[in-house]
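As a plain string of letters, each chain reads:
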Amino acid sequence: MSAERDRREILIATIADLLDGIRHVAVGASSPIPAAGAMLLRARQQRDGKPPVRISILGSQAHNFFTNGGIELFDCAAQGRVDAFFLGGGQIDGEGNINLVGTGDYPTSGVRWPGSFGSAYLYHLVPRVILFREEHSPRVFVPKVDFVSARAITPEVPRRGGPHALLTNMALFDFDREAGGFALRSVHPPFTPADIRENTGFAYAEPEVVRETPQPDTATLSLLRGKILDELAETYPAFARTMKQAA
Amino acid sequence: MTEIVALEALATRVTSGQSLAIPVDGSGVAMAATAALLEAGIRDLKLICVPISGLQADLLIGAGAIASLETSAVSLGEAGAAPRFTAGVKTGAFALRDSTCPAIFAGLLAAQKGVPFMPIAGIIGSDLLNVRPDWQVIDSPVGEARKVVVVPAISPDVALFHAPEADRAGNVRIGRHRELADLAYASKRTLVTVERIVDRNLLESEDSAAGVLPSLYVDTIAVAARGAWPLALWDEYPADEAEIARYAGMARSDEGFRAYLSTFLSHRKQVA
């Protein structure tokens, strides 16, 4: 269980680092780890007397300031008022395209997933989209997605939004919008660059020396295990409970 | 004038073959009314999820009440995939119109404003444009020269949702859940179930009026206590997670779904 907690803590702390410098991050439904990462960033900024961070957790009442209904997140994003958001995918390809619809021939897919949600829109409009997918396997990270819910790069239209990084259970990749692909930034111990090659179905750039993803420091961990889990319990009670029990 | 009727009478205001717009889980979903609709044998609905759905859509799909489905996603959230939706897509049990959340809001907004379409940012590059021939990419006719997606107006025959309270004139308190107003503005008729009818006038003060959908947009109201169960109703009760998980398990098979549906319908009758 504590290995599971360590795994989650490194993801949460990495997300907080990826969000550094933003003013407003929104988090979609069913995303406890991204929500915890956003809360960790906010708490850290507050602790260090740095500029405040707004967070909008969909499905939360306490950590969501929207008052104009379901449309407000999308309007906010259209105006450039949302700096960061999280998207996942049943499939993600090497060009950063994501598939939330299903595998095989549309519509009677081999595997059908829930649907595209707001991805086709938000990917265009939110500057720092963090792709977050815990399962790191060749069935998720494919050379080409079967259905493009949202495309990463569209030279035919101007856009401010797109992928910034890809975080998985095993590694962190940067996305290069000029090159249109991913580059391995770091691996989470005990994984090695060879594990990443073996479990990634798309091509990506790999530096000669691949760093280890840094472990959260003591101060970060005490914030995370205290204040953050308390805040998170409102929207994700089961997740917060499991994390506390592992302590 | 807004009529206040019994739940069964409200359910008769939806007829087979109509388009029905429903809100996202947790926003105020009329589950008791959904049971009443299924009890009445509703068929061939054109369901429009604003902008996604979960248990409600899955129940309607499983019961064979849906002819077509427009949605950005169907999911039971923490309880996982929506089993009857997933199975129905594979067998082609209904016509599927995959969307993306803001496109559904944009379609409703076009209807609200009485115009045939609404431009919307983003989307270009998505395969949704291939499977939605009713969406078009145009050169913007005004302003900055660029491509823009336009989506047709969505004007549902009926909107159906659940809220905590209405007053005797038919004004409905929706709090900050403005998406419920978006539904009502765009729909030809709006049916609302509420936990209770209150004697005070909800439009009396600025404080209360700000969170109210005026009766002008509300055709029919019925009282349904715990009418969103097992889903949450904001400020009133949380979701019954155990019940939703029970559904998620049972609905994996068609037989399991039938058994769940039967107890769900009889449970609703006992409450009524």
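Residues numbered from 1 in each chain as written. Chains lettered and ligands numbered in written order. Predicted model: local features only at pLDDT ≥ 70, side-chain atom pairs only at ≥ 80, totals over all residues. Heavy atoms only, no water.

A.B. asks: Explain the overall build of chain B here, please?
C.D. replies: Looking only at helices and strands, one finds ten helices and 13 strands in chain B. Compactness check: chain B gives a C-alpha radius of gyration of 19 Å against a globular reference of 19 Å for 272 residues, within 12% of the reference. In terms of principal-axis extent, the alpha carbons of chain B reach across some 60 × 50 × 30 Å. Taking all 272 residues of chain B together, 57% fall into the buried category. The long-range share in chain B, meaning contacts at least 24 apart out of those at least 6 apart in sequence, stands at 74%. As displayed, chain B offers around 10500 Å² of accessible surface, 53% of which is attributable to carbon and sulfur atoms. Positive and negative side-chain charges in chain B, numbering 24 and 31 respectively, have mean positions lying 3 Å apart. (Helix = DSSP H or I, 4+ residues; strand = E, 2+ residues; numbered from the N terminus. Rg over C-alpha atoms; globule rule 2.2 N^0.38 Å. Buried < 20%, exposed > 50% of the residue type's maximum accessible area, 1.4 Å probe, protein only. Contact = heavy atoms within 4.5 Å. Areas by Shrake-Rupley, 256 points an atom, 1.4 Å probe, with all protein chains shown as cover. Lys, Arg positive; Asp, Glu negative; His and termini not counted. Charge placed at Lys NZ, Arg CZ, Asp CG, Glu CD.)

A.B. asks: Explain the side chain of Thr71 of chain B to me, please; I cannot follow it from the model alone.
C.D. replies: Residues and elements named next belong to chain B. Positionally, Thr71 belongs in strand 4 (residues 66-71). Within the local environment of Thr71, its side chain forms a polar contact with the backbone oxygen of Ala73, the two atoms lying 2.8 Å apart. Apart from the residues within four sequence positions on either side, Thr71 is in contact with Cys49, Pro51, Ile52, Ser53, Arg97, Asp98, Ser99 and Ile104. (Polar contact = N/O pair within 3.5 Å; in protein donor to acceptor, adjacent residues only side chain to side chain.)

A.B. asks: Would you mind showing me how to read the packing of aromatic side chains here?
C.D. replies: This structure, assessed with the given rule, holds 16 aromatic pairs over all chains. Aromatic side chains Phe173 of chain A and Phe182 of chain A sit 6.1 Å apart centroid to centroid with 70° between the ring planes, which places their arrangement in the edge-to-face category. Each member of the pair, Phe173 of chain A as well as Phe182 of chain A, is classed as buried. Taken together, a centroid distance of 5.0 Å and an interplanar angle of 75° make the contact between Tyr247 of chain B and Tyr260 of chain B edge-to-face. Placement of the pair is Tyr247 of chain B in helix 9 (residues 241-250) and Tyr260 of chain B in helix 10 (residues 254-271), with a sequence separation of 13 residues. A network of ring pairs unites the aromatic residues Phe141, Phe173, Phe175, Phe182, Phe202 and Tyr204 of chain A as a single cluster. Its guanidinium or amino end placed over the ring of Phe65 of chain A, Arg54 of chain A lies 5.0 Å from that ring's centre, counting from NZ or CZ. Lying over the aromatic face of Tyr123 of chain A, Arg159 of chain A brings its terminal NZ or CZ to 5.9 Å of the ring centre. (Phe/Tyr/Trp six-rings, centres within 6.5 Å; stacked < 30°, edge-to-face > 60°. Lys NZ or Arg CZ within 6 Å of the ring centre and 35° of its normal.)

A.B. asks: Looking at this structure, how should I read the pattern of salt bridges?
C.D. replies: Side-chain pairs of opposite charge can arise whenever the charged atoms involved come near each other. Inspection of every chain in the model, using the stated rule, returns 30 salt bridges over all chains. Note that Asp83 of chain A and Arg23 of chain A form a salt bridge whose closest N and O atoms lie 2.7 Å from each other. Highlighted residues: Asp83 of chain A in the loop between helix 3 (72-78) and strand 3 (84-87) and Arg23 of chain A in the loop between helix 1 (2-18) and strand 1 (24-27), separated in sequence by 60 residues. Asp134 of chain B is the salt-bridge partner of Arg97 of chain B, the closest N and O atoms lying 3.3 Å from each other. Here Arg97 of chain B, found in strand 5 (residues 95-98), pairs with Asp134 of chain B, found in the loop between helix 6 (128-131) and strand 7 (136-139); they are 37 residues apart in sequence, far enough to count as distant. (Salt bridge = Lys/Arg side-chain N within 4 Å of Asp/Glu carboxyl O.)

A.B. asks: Just to check I follow, could you spell out the sheet that holds strand 4 (residues 91-93) of chain A for this structure?
C.D. replies: Pairing between the strands of a sheet comes from backbone hydrogen bonds, and it takes one of two forms, parallel or antiparallel. Residues and elements named next belong to chain A. Spatially, the three strands line up as an open sheet ordered 5-4-7, and their pairing is mixed. The sheet is open, and its two borders are formed by strand 5 (98-99) and strand 7 (141-142), each paired with just one other strand. As judged from the two bridges shared by strand 4 and strand 5, these two strands associate in the antiparallel manner. Across the sheet, the residue bridging to Gln91 is Asn99, located in strand 5. (Pairing = 2+ DSSP bridges.)

A.B. asks: Can you help me understand the pairing of strand 1 of chain A in this one?
C.D. replies: Side chains on a regular strand alternate between the two faces of the sheet. Residues and elements named next belong to chain A. Because side chains alternate across strand 1, one face comprises the buried residues His24 and Ala26, and the other comprises Val25 and Val27, equally buried. Pairing of strand 1 with strand 2 (residues 54-57), which is carried by four bridges, proceeds in the parallel orientation. Each residue of the ladder has a partner; that of Val25, found in strand 2, is Ile55. The handedness of the strand 1 to strand 2 crossover, carried by helix 2 (residues 32-47), is right-handed. (Right-handed = clockwise from strand over helix to strand, strands pointing away.)

A.B. asks: Any chance you could explain the state of the cysteines here in plain terms?
C.D. replies: What is meant by a disulfide is a covalent connection between two cysteines, made through their sulfur atoms. Under the definition given, this model contains zero disulfides over all chains. Distance from the sulfur of Cys101 of chain B, which forms no disulfide, to the nearest cysteine sulfur (Cys49 of chain B) is 11 Å. (Disulfide = S-S within 2.5 Å.)

A.B. asks: I tried to follow the interface of chain B and chain A on my own but got confused; where do I start?
C.D. replies: A common measure of how large an interface is: the accessible area buried when the components associate. Between chain B and chain A, the contact holds 37 residues from the first and 39 residues from the second. Here chain B is connected to chain A by 16 residue pairs in polar contact (both at pLDDT 80 or more). Elements that contribute at least two residues to the side of chain B that touches chain A include exactly helix 4 (83-91), strand 5, helix 5 (101-113), helix 6 and helix 7 (178-186) of chain B. Residues belonging to the side of chain B that touches chain A are distributed by class as follows: 15 nonpolar, ten polar and twelve charged. (Nonpolar A, V, L, I, M, F, W, Y, C, P; charged D, E, K, R; others polar.)

A.B. asks: How do you make sense of unusual backbone geometry when you look at a structure like this?
C.D. replies: In terms of backbone geometry, most residues other than glycine have negative phi values and most peptide bonds are trans. The peptide bond linking Pro189 of chain A to Pro190 of chain A adopts the cis configuration, its omega dihedral lying at 10°. Tracing the chain through its elements places Pro190 of chain A in the loop between strand 10 (181-187) and helix 5 (193-199). Positive phi, close to 55°, is recorded for Asp44 of chain B, a residue that is not glycine. Mapped onto the elements of the fold, Asp44 of chain B is located in the loop between helix 2 (31-39) and strand 3 (45-50). We classify Asp44 of chain B as partly exposed; its relative accessible area is 46%. For Arg226 of chain B, which is not glycine, the phi dihedral falls at a positive 50°. Tracing the sequence through the fold places Arg226 of chain B in the loop between strand 13 (220-223) and helix 9.

A.B. asks: How should I be thinking about the packing of helix 1 of chain A against helix 2 of chain A in this particular structure?
C.D. replies: Helix-helix packing is described using two parameters, namely the angle between the two axes and the distance between the axes. Residue and element names in this part refer to chain A. Between helix 1 and helix 2, whose axes approach to 8 Å, the crossing angle comes to 55°. Looking at the two axes, helix 1 sits oblique to helix 2. The way helix 1 lies across helix 2 gives a crossing that is right-handed. Residues Arg8, Leu11, Ile12, Ala13, Ile15, Ala16 and Asp17 of helix 1 lie in contact with helix 2, whose contacting residues are Ile33, Pro34, Ala36, Gly37, Ala38, Leu40, Leu41 and Arg44. For the contact of helix 1 with helix 2, a count of residues per class yields eleven nonpolar, one polar and three charged. (Axes fitted to C-alpha atoms, helices over the stretch in contact; angles between N-to-C directions. Parallel < 35°, antiparallel > 145°, perpendicular 65-115°, else oblique. Left-handed = near helix turned anticlockwise from the far one by under 90°.)

A.B. asks: Please explain the domain arrangement of chain B as it appears in this structure.
C.D. replies: All names here are of chain B. According to the domain assignment, chain B consists of domain 1 (3-99 + 155-269) and domain 2 (117-152). Taking only C-alpha atoms into account, the centre of domain 1 sits 30 Å from that of domain 2. Contact residues are listed per partner, giving four residues for domain 1 and four residues for domain 2. For the pair domain 1 and domain 2, the two sides together bury roughly 350 Å², of which 45% comes from carbon and sulfur. Taken as a group, Arg97, Asp98 and Ser99 account for 89% of the area that domain 1 buries against domain 2, more than any other trio of residues on that side. The tally of links between domain 1 and domain 2 comes to two salt bridges. Here Arg132 makes a salt bridge to Glu70, at a shortest N to O gap of 3.0 Å. Along the contact surface separating domain 1 from domain 2 lie three residue pairs in polar contact (both at pLDDT 80 or more). (Domains from an automatic or database assignment. Buried area = accessible area lost by both parts, 1.4 Å probe.)

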